[in-house]
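Below are the chains, spelled out letter by letter.
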Amino acid sequence: MGVETSCDETAAAVVDGERILSNVVFSQTPMHRRYRGVVPELASRAHQQKIMPVICEALDRAFPGARLRDLPDLVDAVAFTQGPGLLGALLVGKTAAQTLAWLHGLPAIGVNHLEGHAFAVELQERIAFPFIGLIVSGGHTDLVLVRGYGRFRVLGRTRDDAAGEAFDKVAKLLGLGFPGGPLVDRLARRGDPEATLFPRPVLPGTWDFSFSGLKTAVLYHLRKNPRSRPEDVCAAFQEAIVDTLARKTLDAARRFGVSCVVVGGGVAANSRLRLVLTERGVQKGIRVRFPAASLCTDNGAMIARVGLLRLRAGRLPGSCPVDPALPMRSWIGSGRSKNKFR
Ligand code: KG4
Ligand code: ZN
């Protein structure tokens, strides 16, 4: 079982190998919409109210009629998001997951949220190592060389705004609503991506990203051209962000001699990113894989998947304190080894 509460989705799932038995997500978006962003304190309270109903529903959908007391006969472990994310939100998920696990004599496994995004695609298809992982979400833009399960090297990350954050902020500038990514994506389909040439923040010589200048360029453009069509601004902004992500990701694949790229995180649902990365990948002989949209955004199945990988590898973490800034660290070659589940 996987429990995910790092931001504004209360989620739980049951996964058997690569097969999803249930994947329940309660989205708090309608509640946060009136504040045009996630309010951490409200998120924690909503997680508290919803976490047990969501866990029970995930269990019931996987095993109809099952009760919590049946848990030890039905699952091998309870995984939860240890970080990164909002402190209060993470604490709710960890407390629920760990209490359930301990009550039923099961292992509780803290999982890195970003690792969940990197392996979400494996709930659809097997991916061969090594691959370049591009994790693009509301809080992160990370480029990672993945050599195997639990074996990664973070090549670069954003120095300021994450890709999803840039989408959300530009949507806000245009008065589109929250969360902005899907709204910009939809509006951009009717716009001209060449209406304005926004900067491509490539940062040569590093694998890092930076999107705050791009967002500021959109702001100045709107101030100078208040009558520009929102669909054109969306299309041109989206083109700049997609072009930057695609160039750096495929460059990294070539530089490290890798023939597969895996994308994860909410922004991986972006239709233009999916098209451009896939097409350019084909031209360069690089396979680019995306999870289905429901597995791009936050969910419990991706957390369960990574928990299962750790269980199978016999690498169970210790007490797993929640950490809002938890870095993505390799876990093969470290941790306590238990081979019971091999
Ligand atoms: O991974 P996620 O669900 O939560 C975090 O871990 O942050 O990602 C949420 C982010 C938001 O910024 C949202 O605007 C963005 O993903 N997003 C999109 C799309 N769908 C969600 N951005 C661009 N295009 C989309 N279709
Ligand atoms: Zn996420």
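The structure under discussion appears in the preceding block.
The rules behind the values
- Throughout, a residue's number is its position along its own chain's written sequence, starting from 1.
- By the order in which they are written, chains take letters starting at A while ligands take numbers starting at 1.
- In view of the model being predicted, local features appear only for residues whose pLDDT reaches at least 70, and side-chain atom pairs are presented and counted only at 80 or more, with totals across whole chains, interfaces and linings using the full set of residues.
- Derived side-chain values reflect all non-hydrogen atoms in the structure, with water molecules and hydrogen atoms excluded from consideration.
- Think of it this way: any DSSP run of H or I at least four residues long counts as a helix, any run of E at least two long counts as a strand, and we number them from the N terminus.
- All radius of gyration figures rest on C-alpha atoms, and the globule criterion is 2.2 Å times the number of residues raised to 0.38.
- Each residue's exposure class comes from its accessible area (1.4 Å probe, protein chains only) as a fraction of the maximum for that residue type: buried when under 20%, exposed when over 50%, partly exposed otherwise.
- Here, residues are in contact when the closest pair of their heavy atoms is within 4.5 Å.
- The arc in question is the one traced by the directions running from the helix axis out to the C-beta atoms.
- Any two strands are treated as partners once DSSP identifies two or more bridges connecting them.
- Lines are fitted to the C-alpha atoms to define the axes, a helix being fitted only along its stretch in contact, and any angle between axes, read from their N-to-C directions, falls within 0 to 180 degrees.
- A residue counts as positive if it is Lys or Arg and as negative if it is Asp or Glu; His and the chain ends are not included.
- Note on definitions: salt bridges are taken to be side-chain nitrogens of Lys or Arg within 4 Å of carboxyl oxygens of Asp or Glu.
- For this analysis, a polar contact is any N or O atom pair within 3.5 Å, provided that within protein one partner can donate a hydrogen and the other can accept it, and provided that sequence-adjacent residues contribute only side-chain to side-chain pairs.
- A molecule or strand has a residue near it when one of that residue's heavy atoms lies within 4 Å.
- Ten residues, namely Ala, Val, Leu, Ile, Met, Phe, Trp, Tyr, Cys and Pro, are considered nonpolar, four, namely Asp, Glu, Lys and Arg, are considered charged, and the remaining ones, Gly among them, are considered polar.
- Boundaries of every domain are those given by an automatic assignment or by a domain database.
- Crossovers are described as right-handed under a simple rule: with the strands pointing away from the observer, the path leading from the first strand over the helix to the second runs clockwise.

Here the focus is the overall build of the chain. From N to C terminus, the chain includes twelve helices and twelve strands. Taken against the 2.2 N^0.38 rule, which gives 20 Å for 342 residues, the C-alpha radius of gyration of the chain at 20 Å falls within 12% of a compact globule. Overall, the chain is about 60 × 45 × 30 Å in size when its C-alpha atoms are taken along their principal axes. Expressed as a percentage of its 342 residues, the buried residues of the chain come to 54%. Taking as baseline every contact in the chain between residues at least 6 positions apart, the subset at least 24 positions apart corresponds to 72%.

Looking at helix 6 (residues 163-173), one finds that the buried residues are Ala-163, Gly-164, Ala-166, Phe-167, Val-170 and Ala-171. The buried residues of helix 6 occupy one face: seen down the axis, they fall within an arc of 160 degrees. Here the buried face of helix 6 lies against strand 6 (131-136), strand 7 (141-148), helix 7 (180-188), helix 8 (212-224) and helix 9 (230-255). Residue Gly-175 follows helix 6 closely and has a positive phi angle near 65 degrees.

Attention now goes to the sheet that holds strand 4 (residues 78-83). Ordered in space as 3-2-1-4-5, the five strands form an open sheet in which the pairing is mixed. If you trace the sheet from one side to the other, it starts and ends with strand 3 (19-27) and strand 5 (108-112), each paired once. Taking each pair of neighbouring strands and ignoring which way they run, the sheet shows an average axis angle of 25 degrees. Both strand 1 (residues 2-4) and strand 4 contribute to a ladder of two bridges, which runs parallel. Residue Gly-2 lies in a different strand from strand 4, and its bridge partner there is Ala-79. Lying on the sheet, helix 2 (residues 40-62) is in contact with strand 1, strand 2 (9-16) and strand 3; it crosses strand 2 at an angle near 25 degrees. In the packing of helix 12 (residues 300-313) onto the sheet, contacts are made with strand 1, strand 2, strand 3, strand 4 and strand 5, and the angle to strand 2 comes to roughly 45 degrees.

Take Glu-9: it is sitting in strand 2. There is no salt bridge for the buried Glu-9, and the closest opposite charge comes from Arg-33, which lies 9.9 Å off by N-O distance. Side chain to side chain, Glu-9 and Ser-27 meet in a polar contact 3.3 Å long. Discounting residues that sit within four places of it in the chain, Glu-9 has contacts with Glu-4, Val-25, Phe-26, Ser-27, Gln-28, His-47 and Asp-298.

This part covers the side chain of Asp-8. Note on placement: Asp-8 falls in the loop between strand 1 and strand 2. Arg-33 provides the closest opposite charge to the buried, unpaired Asp-8, separated from it by 8.9 Å. Leaving out residues up to four positions away in the same chain, Asp-8 has contacts with Phe-26, Ser-27, Gln-28, Thr-29, His-32, Val-38, His-47 and Phe-178.

Now for the site of ligand 1. Of all residues adjacent to ligand 1, which total 19 residues, the nearest are Gly-138, Asp-168, Asp-185, Gly-266 and Asn-270. Within the side chain of Asp-168, one N or O atom sits 2.6 Å away from an oxygen atom of ligand 1. Take Asp-298: an N or O atom from its side chain is 3.1 Å from an oxygen atom of ligand 1. Taken together, the residues of the shell around ligand 1 break down into five nonpolar, eleven polar and three charged. No fewer than three residues from each of domain 1 (2-117 + 296-313) and domain 2 (129-290) sit in the shell around ligand 1.

Turning our eyes to something else, we now look at the pairing of strand 5. Within strand 5, five of the five residues are buried, which leaves the element mostly enclosed by the surrounding structure. Of the two faces of strand 5, the one carrying Ala-108, Gly-110 and Asn-112 and the one carrying Ile-109 and Val-111 are both buried. Of the pairings in the sheet, the one linking strand 4 to strand 5 comprises five bridges and is parallel in character. Within strand 5, the residue paired with Gly-83 across the bridge is Asn-112. Handedness of the strand 4-helix 4 (residues 87-103)-strand 5 crossover: right-handed.

Below, the discussion takes up the environment of Gly-148. Turning to its location among the elements, Gly-148 is positioned in strand 7. Residue Gly-148 is classed as buried on the basis of its relative accessible area, which comes to 7%. Residues Gly-148 and Lys-284, 136 residues apart in the sequence, show an inter-C-alpha distance of 23 Å.

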